[in-house]
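A structural walkthrough
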Amino acid sequence: MLKLYHCPNARSMRSLWLLYELNIDFELVEMPFDQKYTRSPEYLSVHPLGRVPCLVHDQTTLYESGAICQYLCETFDKEDKLGRSLGHKEHAEWLQWLHYAETVAVHGASLVQQNIIIAEELRSPVVIKLESRRLEKAIEVLNDHLNGREYLLESGFSAVDTAVGYSIHMGSMFIKISEYKNVVSYYNKIKNREAFRKSLPKDVNDPLEEIEV
């Protein structure tokens, strides 16, 4: 049994996207982004913090998106099509970008809180400005790395592109990424993948419109 707990537009989209890329059977438990559901006794018995994602596979439960990515690749991707196992020449670089996805996402998460979750009268312009700049710096690193590359790894698309790609997707909602031409080219490419499309909320408006530089 393989089951993913997911809320639309939440970080669990990263895990959902990867599951679709792996093309394996799984059960999707989709919940509204509402504490009535995520903090229910039933869900807290699965994930003690009441957050998403949460992956359950037989007797194993994981609720860190980076760990979920690595676990899924090690368990279901024996040919290293999306993962890069220990001993592979790109293993260390694969791990680097897997965890760099969180470097990007943490600033995006702060902006989600400031712009969406926190009441308008309690929002901090200073925090918004600081986190926006930190997100821009993290995107700059990606932009430099992607110069002359189609994907993060030279060998081609991999699971780390779903991890970092989601972080760019979320970050693009709060900062203008149009000045980062390599990131824009990369993002326009990965968001046209069928698995990305399937992982989007069903009611999203025109998600595949290309960003221009």
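Residues numbered from 1 in each chain as written. Predicted model: local features only at pLDDT ≥ 70, side-chain atom pairs only at ≥ 80, totals over all residues. Heavy atoms only, no water.

As for the packing of aromatic side chains
Condition: A pair of aromatic rings is counted whenever rings of Phe, Tyr or Trp (Trp by its six-membered ring) have centres within 6.5 Å, and the orientation is called stacked for planes under 30 degrees apart, edge-to-face for over 60 and tilted otherwise. For the purposes of this entry, the term helix denotes a DSSP run of H or I that reaches at least four residues, the term strand denotes a run of E that reaches at least two, and both are numbered from the N terminus. Exposure categories follow from relative accessible area, calculated using a 1.4 Å probe and restricted to protein chains: below 20% of the type maximum is buried, above 50% is exposed, and the middle band is partly exposed.
With the rule as written, the count across this model stands at five aromatic pairs. Taking the centre distance of 5.0 Å and the plane angle of 80° together, the rings of tryptophan 17 and phenylalanine 196 count as edge-to-face. Within this pair, whereas tryptophan 17 is found in helix α1 (residues 12-22), its partner phenylalanine 196 is found in helix α9 (residues 194-199), the two being separated by 179 residues in sequence. You'll find tryptophan 17 and phenylalanine 196 in the same group, each marked buried.

Observations regarding the side chain of aspartate 80
The criterion, for reference: All tallies of charge rest on Lys and Arg as positive and Asp and Glu as negative; His and the ends of each chain are not included. We count a salt bridge whenever a side-chain nitrogen from Lys or Arg sits within 4 Å of a carboxyl oxygen from Asp or Glu. A 3.5 Å cut-off defines polar contacts: any pair of N or O atoms within that distance qualifies, except that in protein one atom must be a possible hydrogen donor and the other a possible acceptor, and neighbouring residues in sequence count only when both atoms are side-chain atoms. Any two residues having at least one pair of non-hydrogen atoms within 4.5 Å are treated as being in contact.
Looking at the element boundaries, aspartate 80 is found in the loop between α4 (65-76) and α5 (91-117). Despite being buried, aspartate 80 has no salt bridge partner; arginine 84 is the closest side chain of opposite charge, sitting 6.0 Å away. One polar contact links aspartate 80 to serine 85, side chain to side chain, over a distance of 2.8 Å. Those residues within four positions of aspartate 80 in sequence are excluded, and the remaining contacts are Ser85 and His88.

Digging into the sheet that holds strand β1 (residues 2-6)
The test is simple: Only when DSSP finds a minimum of two bridges between them are two strands counted as paired. For helices, the axis comes from a line fit to the C-alpha atoms of the stretch in contact; other axes are also lines fit to C-alpha atoms, and the angle between any two N-to-C directions lies between 0 and 180 degrees.
Read from one edge to the other, the open sheet built from four strands follows the order β2-β1-β3-β4, with strand pairing classed as mixed. Pairing within the sheet leaves two strands with one partner each, and these edge strands are β2 (27-30) and β4 (60-62). Going across the sheet, the axis of each strand differs from the next one's by a mean of 15°, ignoring polarity. Judged from the three bridges that link them, strand β3 (residues 54-57) and β4 form a sheet pairing that is antiparallel. When the bridges of β4 are listed, histidine 57 appears paired with threonine 60. Its contacts with the sheet place α1 against β1 and β2, and it is angled at close to 145° to β1. Lying on the sheet, α4 is in contact with β1, β3 and β4; it crosses β3 at an angle near 30°.

Quick look at the nonpolar core
So the rule is basically this: The definition of a nonpolar core used throughout is a set of buried Ala, Val, Leu, Ile, Met, Phe, Trp, Tyr and Cys residues joined through side-chain atoms within 4.5 Å.
Counting 50 residues, the largest nonpolar core has Ile139, Leu142 and Ile168 as its most contacted members. Counting residues per element, the ones that place at least two in this core are β1, α1, α4, α5, α6 (125-145), α7 (159-171), α8 (181-190) and α9. No other element matches α5, which puts eight residues into this core. Contacts of leucine 142, omitting those with residues within four sequence positions, involve Trp97, Tyr100, Val104, Leu152, Val164, Ile168 and Val183. Formed by eight residues, the second largest nonpolar core is a distinct cluster that contains Tyr5, Cys7, Tyr43 and Cys54.

Thoughts on the pairing of β3
Here β3 shows two buried faces, one formed by Cys54 and Val56 and the other by Leu55 and His57. Across four bridges, β1 lies against β3 in antiparallel orientation. Bridge assignment links lysine 3 to a residue of β3, and that residue is valine 56. Where β3 hands over to β4, the hairpin turn is made up of two residues, of which aspartate 58 adopts a positive phi near 55°.

Points about the pattern of salt bridges
A full pass over the atoms with the stated rule returns 11 salt bridges. Salt-bridge contacts for arginine 134 lead to glutamate 131; the nearest nitrogen and oxygen are separated by 3.0 Å. Here arginine 134 and its partner glutamate 131 are both found in helix α6, three residues apart, which amounts to about one turn of the helix. Relative accessible area serves as the criterion here: at 9%, glutamate 131 is assigned to the buried category. Notably, a salt bridge pairs arginine 149 with glutamate 154, separated by 3.6 Å at the nearest N-O pair. Assessed through its relative accessible area of 67%, glutamate 154 is described here as exposed. What emerges from the salt-bridge pattern is a single network uniting Arg133, Glu136, Lys137 and Glu140.

With respect to the environment of aspartate 25
With respect to the helices, strands and loops of the structure, aspartate 25 is situated in the loop between α1 and β2. When the C-alpha atoms of aspartate 25 and tyrosine 37 are compared, they prove to be 24 Å apart, with 12 residues separating the residues in sequence.

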